[in-house]
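Overview (structure and organization)
So the chains spell out like this:
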Amino acid sequence: QAVVRYFLTRGAVVVSVDYSQALLDTAFPNPVDQCHLAVCDLTSRSDCASFSERLLQTHGAVDVLCDIAGGFQMGETVFETLDETWDFLFNLNTKSVIYMTQKIVPAMVAAGHGKVINVGAVAATQGQAHMGAYLASKSATIRLTESLAEEVKQAGVNVNCVMPGVIDTPRNLSDMPRADFDQLVAPEQLAALIGFLERADSVAVHGAAIPVRLLGG
């Protein structure tokens, strides 16, 4: 929501994607004309391909792709990790990035410009107990960002990622009632960094993984 608001206030046409119309209606109950809502299963290669094709046909080009979808789960040790846990986290945190780039990035390359901003996690810079699958999925997203950046930077496309700590969201407030939320990253702060990576000022930034955290992040 914060990223959508950021770009809307700067005059962009924004297409916000979620798993169901009900989730979109809850997140954006009164969307303005420049905000288009679209249903797509970001963990499905075919869904992402057909959605991207419709998007390009309708709007002609995508200047900025923000891969924000993600999920968190912890508790299992590495040796206890279930296939369901592994698949859930990699589908949502990693495959969604791959699937949304498959049509949009080639269009950016053909146009000679574009920005891709992914979301990793600052925790993924090292292993932690009972978080192996989550950290592996976010680490993979960071490595994909770096690899894709090398593949397309000569074509005028920038690919970078942000690595937030714990974000001040209602879900995190519910899951972490003892957290000091004065020391956590506000969604608007994260959106502002994503916005910088979209601007012309960031044209020389390729494959960066930027930590975003306050003292308690």
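Here the structure is a predicted model, which means the values were calculated and not measured.

Quick notes on the rules
- In this convention, every chain numbers its residues from 1, walking through the sequence in written order.
- Per-residue local features are limited, in this predicted model, to residues with pLDDT of at least 70; the limit for side-chain atom pairs, both in listing and counting, is 80 or more; totals at the level of whole chains, interfaces and linings are taken over all residues.
- Heavy atoms throughout the structure, all of them, feed into the side-chain values; hydrogens and water do not.
- Centres within 6.5 Å make a pair out of two Phe, Tyr or Trp rings, where for Trp the six-membered ring is used; the pair is then stacked when the planes are under 30 degrees apart, edge-to-face when over 60, and tilted otherwise.
- Whether a charge sits over a ring depends on NZ of Lys or CZ of Arg being within 6 Å of the ring centre and within 35 degrees of the ring normal.
- Being paired, for any two strands, means DSSP has found at least two bridges between them.
- Only DSSP runs of H or I with at least four residues qualify as helices, and only runs of E with at least two residues qualify as strands; both kinds are numbered from the N terminus onward.
- Here the axes come from fitting lines to C-alpha atoms, over the contacting stretch only for helices, and the angles between their N-to-C directions go from 0 to 180 degrees.
- Working rule for contacts: check all heavy atoms of both residues, and any pair within 4.5 Å makes them a contact.
- Orientation categories follow fixed angle ranges, with anything under 35 degrees roughly parallel, anything over 145 roughly antiparallel, 65 to 115 roughly perpendicular, and all other angles oblique.
- In this scheme, a crossing is called left-handed if the near helix is turned counterclockwise away from the far one by less than a right angle; it is called right-handed if the turn is clockwise.
- Put simply, Ala, Val, Leu, Ile, Met, Phe, Trp, Tyr, Cys and Pro go in the nonpolar bin, Asp, Glu, Lys and Arg in the charged bin, and everything else, Gly too, in the polar bin.
- Residue burial is assigned from relative accessible area. The probe radius is 1.4 Å, only protein chains are included, and a residue is buried under 20% of its type maximum, exposed over 50%, and partly exposed in between.
- You can read pLDDT as the predictor saying how much it trusts each residue, on a scale of 0 to 100.
- One speaks of a salt bridge when a side-chain nitrogen belonging to Lys or Arg is within 4 Å of a carboxyl oxygen belonging to Asp or Glu.

1. Notes on the packing of aromatic side chains
With the rule as written, the count across this model stands at three aromatic pairs. Its end group placed over the ring of Tyr6, Arg10 keeps NZ or CZ at 3.7 Å from the ring centre.

2. Side note on the sheet that holds strand 6 (residues 209–212)
Strand order in the open sheet made by the four strands is 3-4-5-6, with parallel pairing throughout. With one partner strand each, in any of the chains shown, strand 3 (64–67) and strand 6 form the two edges of the open sheet. Put simply, the sheet's adjacent strands are angled 20 degrees from each other on average, direction ignored. Seen against the sheet, helix 4 (residues 83–111) touches strand 3, strand 4 (114–119) and strand 5 (157–164) and runs at an angle of roughly 170 degrees to strand 3. In the packing of helix 5 (residues 132–152) onto the sheet, contacts are made with strand 4, strand 5 and strand 6, and the angle to strand 5 comes to roughly 160 degrees.

3. A closer look at the packing of helix 3 (residues 45–59) against helix 4
The N-to-C vectors of helix 3 and helix 4 enclose an angle of 30 degrees; their axes lie 8 Å apart at closest approach. With respect to their mutual orientation, helix 3 and helix 4 come out roughly parallel. In the packing of helix 3 onto helix 4, the handedness of the crossing is right-handed. Touching Arg45, Cys48, Ala49, Phe51, Ser52, Glu53, Leu55 and Leu56 of helix 3 are Ile98, Tyr99, Met100, Gln102, Lys103, Ile104 and Ala107, all from helix 4. Partitioned by chemical class, the residues of the contact of helix 3 with helix 4 number ten nonpolar, two polar and three charged.

4. Here we look at unusual backbone geometry
Even without being glycine, His130 reaches a positive phi, approximately 65 degrees. With respect to the helices and strands, His130 occurs in the loop between strand 4 and helix 5.

5. Looking at the environment of Val15
Here Val15 lies in strand 1 (residues 14–18). For Val15, a relative accessible area of 27% translates into the label partly exposed. Separated by 22 residues in sequence, Val15 and Leu37 place their C-alpha atoms 5.8 Å apart. Apart from residues no more than four positions distant in its own chain, Val15 is found in contact with His36, Ala38, Phe51, Leu55 and His59.

6. A word on the confidence of the model for the chain
In the predicted model, the chain carries a mean pLDDT of 91, and 90% of its residues have values of at least 70. Ranking the elements of the chain by mean pLDDT puts helix 6 (residues 170–175) last with 60 and strand 3 first with 98.

7. Notes on the environment of Val157
By secondary structure assignment, the location of Val157 is in strand 5. Among residues more than four places away in sequence, those in contact with Val157 are Met108, Val109, His113, Gly114, Val152 and His206.

8. Some words on the pattern of salt bridges
Close approach of charged atoms allows side chains of opposite charge to pair. A full pass over the atoms with the stated rule returns five salt bridges. Residue Glu146 is joined to Arg143 by a salt bridge in which the shortest nitrogen-to-oxygen separation is 2.7 Å. Here Glu146 pairs with Arg143, and both are found in helix 5, just three residues apart, close to one helical turn. Residue Glu146 is classed as partly exposed on the basis of its relative accessible area, which comes to 29%. For Arg143, a relative accessible area of 43% puts it in the partly exposed group. Across the pair Lys153 and Glu150 runs a salt bridge whose closest N-O atoms are separated by 3.3 Å.

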